[in-house]
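# Structure assessment
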Amino acid sequence: AQSVTQLGSHVSVSEGALVLLRCNYSSSVPPYLFWYVQYPNQGLQLLLKYTSAATLVKGINGFEAEFKKSETSFHLTKPSAHMSDAAEYFCAVSDKGGSEKLVFGKGMKLTVNP
Amino acid sequence: NAGVTQTPKFRILKIGQSMTLQCTQDMNHNYMYWYRQDPGMGLKLIYYSVGAGITDKGEVPNGYNVSRSTTEDFPLRLELAAPSQTSVYFCASILPNRDRNTEAFFGQGTRLTVV
């Protein structure tokens, strides 16, 4: 079964600092990878998704992620954190069985300090 | 365009009671899913459906039931509520495409407490 790993549960950065959220996947074939964001008391919304067309994927709100097959990673970055980025971030992989079920990592709560 | 709508937003149940969490989407999406979210555990798939009349179990289906009589609606039923079912429940839908990387749309969630 496919899975993704997000190590740690919480990260804190200062406003303007680099945001780096790590995600590693387990798959023997190219996976369908996503990053979703959840703002407090809301549902999840898509930040970005990996397509085989490009290894560097740009998403909404200045976020991007780089697919590295050699490291089985899909880390999420943003050069300069904003207070409004405070949220929980989930890495996910889509099932290949035809149902497109999403398997989520445990999530990473991002705090941005002024 | 409402997207995915879940009701109720909050509910407190007593042990042994039953209830139905409602989910409806107006995007004509074929695939629908129910997840539960527990702190520090991410989201776990309860049940899913790839079309009207078709449902299947996910990772944590025990204690739940679903039905899919229409494309729009995908209710989740708890028959005998237990404290372990205290969680936040999310419904999601997808319109699958050839590229297999389509976006999932989520409802706002239902926060359920079983006491």
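Below: a short report on this structure. (Residues numbered from 1 in each chain as written. Chains lettered and ligands numbered in written order. Predicted model: local features only at pLDDT ≥ 70, side-chain atom pairs only at ≥ 80, totals over all residues. Heavy atoms only, no water.)

## What about the environment of Ala 92 of chain A?
All names here are of chain A. Positionally, Ala 92 belongs in strand 10 (residues 87-94). The class of Ala 92 is buried, set by a relative accessible area of 0%. Linking Ala 92 and Val 112, residues 20 residues apart in sequence, is a C-alpha distance of 23 Å. Once residues within four sequence positions are removed from consideration, Ala 92 is found in contact with Val 4, Tyr 32, Leu 33, Phe 34, Leu 102, Val 103 and Phe 104. (Helix = DSSP H or I, 4+ residues; strand = E, 2+ residues; numbered from the N terminus. Buried < 20%, exposed > 50% of the residue type's maximum accessible area, 1.4 Å probe, protein only. Contact = heavy atoms within 4.5 Å.)

## So, the nonpolar core
All names here are of chain A. Ranked by size, the top nonpolar core spans 27 residues in total, and within it Leu 33, Trp 35, Leu 47, Leu 48, Phe 74, Leu 76 and Tyr 89 carry the most contacts. If you list the elements that add at least two residues to this core, you get strand 3 (19-21), strand 5 (33-38), strand 6 (44-49), strand 8 (64-68), strand 9 (73-78), strand 10 and strand 12 (108-113). For this core, the element with the most residues is strand 10, which contributes 4 residues. Every residue in contact with Phe 74, bar those within four places of it in the chain, is listed here: Cys 23, Leu 33, Phe 34, Trp 35, Leu 48, Lys 49, Tyr 50, Val 57, Ala 65, Glu 66 and Phe 67. (Core = buried A, V, L, I, M, F, W, Y, C linked by side-chain atoms within 4.5 Å.)

## Side note on the packing of aromatic side chains
For any pair of aromatic rings, the description rests on two quantities: the centre-to-centre distance and the angle between the ring planes. Under the counting rule described, the total for this entry stands at 14 aromatic pairs over all chains. Ring centres of Phe 63 of chain A and Tyr 89 of chain A lie 5.4 Å apart, and the angle between their planes is 45°; this geometry places the pair in the tilted category. Remark: Tyr 89 of chain A occurs in strand 10 and Phe 63 of chain A occurs in the loop between strand 7 (56-58) and strand 8; sequence separation between them is 26 residues. On the basis of relative accessible area, Phe 63 of chain A is assigned to the buried category, the value being 1%. Among the aromatic side chains, those forming a connected cluster through ring pairs are Phe 34, Tyr 36, Phe 90 and Phe 104 of chain A together with Tyr 33, Tyr 35, Tyr 48 and Phe 106 of chain B. A cation sits over an aromatic face here: Arg 68 of chain B above Phe 74 of chain B, 5.9 Å from the ring centre. (Phe/Tyr/Trp six-rings, centres within 6.5 Å; stacked < 30°, edge-to-face > 60°. Lys NZ or Arg CZ within 6 Å of the ring centre and 35° of its normal.)

## Structural notes on the interface of chain A and chain B
Facing the 26 residues of chain A at the interface are 25 residues of chain B. Together chain A and chain B conceal approximately 2,100 Å² of surface at their shared face, both sides included; 51% is due to carbon and sulfur atoms. Counting every contact that joins chain A to chain B gives 0 salt bridges. For the pair chain A and chain B, the number of links is 5 residue pairs in polar contact (both at pLDDT 80 or more). For the side of chain A that touches chain B, the elements supplying multiple residues, two or more each, are strand 5, strand 6, strand 10 and strand 11 (102-104) of chain A. (Buried area = accessible area lost by both parts, 1.4 Å probe. Salt bridge = Lys/Arg side-chain N within 4 Å of Asp/Glu carboxyl O. Polar contact = N/O pair within 3.5 Å; in protein donor to acceptor, adjacent residues only side chain to side chain.)

## Side note on the state of the cysteines
Residue and element names in this part refer to chain B. Per the counting criterion, the structure on display carries 2 disulfides over all chains. A disulfide bridge connects Cys 23 with Cys 91, and the sulfur atoms are separated by 1.9 Å. The chirality of the disulfide connecting Cys 23 with Cys 91 is left-handed, given an S-S dihedral of about -70°. Of the two residues, Cys 23 sits in strand 3 (residues 19-25) while Cys 91 sits in strand 9 (residues 87-94), which places them 68 residues apart along the sequence. (Disulfide = S-S within 2.5 Å.)

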